[in-house]
Amino acid sequence: MLDFIIGKYNYWIYIILMMIGFYAMIGKRNLVKKIIGMTIFQTSIILFFVSTAYKKGGATLPIIEHAHGHGEHVGHAIEASSYINPLPHVLMLTAIVVMVATLGVALAIVIKIYRRYNTLEEDEILKAIK
Amino acid sequence: MTDQFPILIIIIPLLFAVITPLLGLWRENLCYPWVILSLALCMLCSIFVLGRVIDTGVIHYYLGGWAPPWGIELVIDHLNALMLVIISTTALLVAVYSKRSLEQELDSSIVYFYTIFLLQVTGFLGIVITGDMFNLYVFLEITALTGYALIAVGEDGAPFASFRYIIMGTVGACFYLLGVGYLYIATGSLNIADLSRLLPELYGSKVILVAFAFFFVGIAIKMALFPLHVWLPDAYTKAPSAASALIAPLMTKIAVYVMLRIMFTVFKPSLSIDMLPVTDIMIWLGIAAIVAGAVMALAQTDFKRMFCYIVVAEIGYMVGGTGIANSVAIKGVILHILNDAIMTLGMFVVAGIVYYQTKGHNLTDFKDLFKKMPYTMAAFVVIALSIIGVPPTCGFFSKWYLIQGAIIADCWAFVAALLLSSLINIILFFRIFEIGYGFSETHGHGNGHEEVLISEAPMSMLIPTIITALGIMLIGIYNQPIVNNIIQFAVPKL
Amino acid sequence: MKIANLLIVIITGMVLIYGTLDMPDWGDPNSPASRHLSPNYISDAVEKTATPNVVTAVLGDYRGYDTLGETAVIFSAGMACILILRRKRKK
């Protein structure tokens, strides 16, 4: 039982973080709080993925040692289990960029809404639109 | 050179989009011909690729020379090639149409609008052409971001509608990303062909089932499937006419394409249909979408909002047809993707022309338009007949395939919903014809005859409308060759 | 309404946690994700791309098309902000 929890607890923590962000996105009435919830949700997805890249047993960062200056040959054999998995890191670099871009556009739209209605609460804006 | 056409389809709009701001800051009226040139080249490339796929079969293009699954590949089969032609032709028609309407609706930012227009088309093309799951997410986000921007510069109330779309759209995209992540954790691969080879042994695993559920909900949000459709009416009504004419025909149909890919190429039909009760849920959601869309459309007095609810009902046809899951119904679904793109393009193009001439969104603004704008209204009659489902327009044939498929599968509720929807569409459109011909007396006639001088639509807006109406008739008349040569090979083996 | 939102969030969280029950343990060097594509990336990166940093090699070379898409995302976000926030100059 304890082994089971130790094996999975990283996933569970990030899922709880995701749900906190998700609740803020759909539950809060203030526009900026919704955006903060969106950021928490997307950031925790990124952390969830990156945590799957880890390998136990002394694995290090995926930068091949002693490879500079040898042309295209590395002196020693490269063992895959001594370096952590690089692919989730690559995918999440792109996802971070996407998250920042969405955040930027969302904040620009909130600025435009504020200029027009002078409030950031969803119910007041809905009343003003009707 | 012709081997590189698959990647040129993506690169041409992207490259032209990057150069558009520089060109626009130099001479602003060069932007319009520049956009038309780029989309025309893109359309030629996609028609050529469709021809090549019909002749020789599936095209695989390895980006950078790296073999999949270590590199990314573009896979073009019959379904893809058809979607590429649909997207590039629709984008070209909307670009031709957009000049006059943008001059009226947007004051100074036409250059940036065209840049984002081209980027949105790049996003659409990138989604349908790719063979890699994470690449699809990147292009889905390009589509989403540019869509938010195009909608937010509309009329009063558009930024808030776009904000609602941001929240729901981001939830959908994040659910899709979670699905990709779960599949990666279970199999280690991101390539669609590789996943379809690795997944069948893992079908009992909980990770795969949860991944499928998250894919389905995420794509349902993007597809505006009832009850997750609440972002669609506000967003498409308040957007500028050119933006809604581009996004409305394409975004939801591309989401239907992604659903077909995930259900039938990544997960084999043995999971999607036999093991999970997904198809029953899809039939009931489809019926609910058709009925809800039809009923809400009846209640609208704003014709652009009415068209949005018709779009929601059409998505119900496609989802219900996929739920029925025999080969006749799926032929109907793919043919309906083609038909619905053209019909929705027609509806929103006519709505934009009426808004350009009368500056209003109300149904009563259609008054006497049949006399003043005869060609536009003739095209509108053809489009309306196609949505109702009258032969020989194309709408009849896709409905016919769907009804046939439903009868074979003994799904009488779906047949009833389709027929009900046709009846309600008759009421909706004949209401407009009645106002347009001036048969009904509107109230408040007494206060002076201040008639806005309305003439026929300008040429650049009229020609795409007439081409759309002609396209509806031609696709209807020639639907047998289209089904036999293209769609038949796109149906998955069930 | 608050209860409905809370219910949706809890159901989504439960489904996600249900999915993790079959996942490989944290840090397992024999998980499918570590055995399928990554060994090839790590062993061939220096030979084929002359880059010791494997993440750069994958991002820039093997999956360079994703990076092109990411650049397009940044560009479109920039253009979107200009389009949304632009004000007409009042002469």
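What counts as what
- Residues numbered from 1 in each chain as written.
- Chains lettered and ligands numbered in written order.
- Predicted model: local features only at pLDDT ≥ 70, side-chain atom pairs only at ≥ 80, totals over all residues.
- Helix = DSSP H or I, 4+ residues; strand = E, 2+ residues; numbered from the N terminus.
- Rg over C-alpha atoms; globule rule 2.2 N^0.38 Å.
- Buried ≥ 20, exposed ≤ 12 C-beta atoms within 10 Å, placed from the backbone.
- Expected span 1.5 Å × (residues − 1).
- Contact = placed C-beta atoms within 7 Å.
- Nonpolar A, V, L, I, M, F, W, Y, C, P; charged D, E, K, R; others polar.
- Core = buried A, V, L, I, M, F, W, Y, C linked by C-beta atoms within 7 Å.
- Arc of directions from axis to C-beta.
- Axes fitted to C-alpha atoms, helices over the stretch in contact; angles between N-to-C directions.
- Left-handed = near helix turned anticlockwise from the far one by under 90°.
- pLDDT = per-residue confidence, 0-100.
- Pairing = 2+ DSSP bridges.

Draft legend 1. The overall build of chain C, seen in detail. Looking only at helices and strands, chain C has five helices and zero strands in total. Helices and strands in chain C line up, N terminus first, as α-α-α-α-α. Taken over the C-alpha trace, chain C has a radius of gyration of 22 Å; the compact-globule value for 91 residues is 12 Å, which it surpasses by more than 25%. Taken over the C-alpha atoms alone, chain C extends approximately 65 × 50 × 15 Å along its principal axes. By the burial criterion, 36% of the 91 residues in chain C qualify as buried.

Draft legend 2. Geometry of helix H19 (residues 459–477) of chain B. Residue and element names in this part refer to chain B. In a regular helix each residue adds 1.5 Å, so 19 residues correspond to 27 Å; H19 covers 27 Å between its end C-alpha atoms and thus fits that length. Of the positions making up H19, those classed as buried are Met 461, Pro 464, Thr 465, Ile 467, Thr 468, Ala 469, Gly 471, Ile 472, Ile 475 and Gly 476. Tucked inside the fold, the buried residues of H19 contact helix H3 (78–105), helix H14 (327–358), helix H16 (374–388), helix H17 (394–408) and helix H20 (479–490).

Draft legend 3. Molecular detail of the interface of chain C and chain A. Chain C puts 43 residues into the contact, and the matching count from chain A is 44 residues. Of all the secondary structure elements, the ones that give two or more residues to the side of chain C that touches chain A are helix H1 (2–19), helix H2 (32–35), helix H3 (38–49), helix H4 (54–62) and helix H5 (64–85) of chain C. Of the residues that constitute the side of chain C that touches chain A, the class distribution is 28 nonpolar, nine polar and six charged.

Draft legend 4. Main features of the nonpolar core. Grouped together as the largest cluster of nonpolar side chains are 268 residues, with contacts concentrated most on Tyr 148 and Ile 383 of chain B together with Ala 80 of chain C. Contacts of Ile 383 of chain B, omitting those with residues within four sequence positions, involve Met 343, Gly 346, Met 347, Val 350, Ala 469 and Ile 472 of chain B.

Draft legend 5. H20 of chain B, seen in detail. Residues and elements named next belong to chain B. Among the residues of H20, Asn 479, Ile 486, Ile 487 and Ala 490 are the ones counted as buried. Burial along H20 is one-sided: seen end-on, the buried residues are contained in an arc of 90°. Turned more than 90 degrees away from the buried face of H20 sit Gln 480, Pro 481, Asn 484 and Asn 485, all of them exposed. In this structure, the buried side of H20 is in contact with helix H2 (31–56), H3, H14, H17 and H19.

Draft legend 6. Region of the structure containing the interface of chain B and chain A. Chain B puts 21 residues into the contact, and the matching count from chain A is 24 residues. Only helix H5 (133–152) and helix H6 (158–187) of chain B provide two or more residues apiece to the side of chain B that touches chain A. Top contributing element to the side of chain B that touches chain A by residue count: H6 of chain B, with 13 residues. Here the residues of the side of chain B that touches chain A sort into 16 nonpolar, four polar and one charged.

Draft legend 7. Quick peek at the packing of H14 of chain B against H16 of chain B. All names here are of chain B. Between H14 and H16, the least distance of the axes is 10 Å, while the angle of their chain directions is 145°. Regarding H14 and H16, the two cross each other, and that crossing is left-handed. Touching Met 343, Gly 346, Met 347, Val 350 and Ile 353 of H14 are Thr 376, Ala 379, Phe 380, Ile 383, Ser 386 and Ile 387, all from H16. In the contact of H14 with H16, the residues fall into eight nonpolar, three polar and no charged.

Draft legend 8. Spatial organisation of the confidence of the model for chain B. Residue and element names in this part refer to chain B. For chain B, the mean per-residue pLDDT works out to 89, and 97% of the residues sit at or above 70. Mean pLDDT in chain B bottoms out at helix H11 (residues 269–275), which sits at 76, and peaks at H5, which reaches 95. Segment residues 443–450: pLDDT under 50, and zero contacts once partners within four positions in sequence are set aside and those in other chains are kept.

Draft legend 9. Examining the pairing of strand E2 (residues 73–76) of chain B more closely. Residue and element names in this part refer to chain B. Of the two faces of E2, both are covered, the one formed by Glu 73 and Val 75 as well as the one formed by Leu 74 and Ile 76. Note: strand E1 (residues 59–62) against E2, four bridges, orientation antiparallel. Within E2, the residue paired with Tyr 62 across the bridge is Glu 73.

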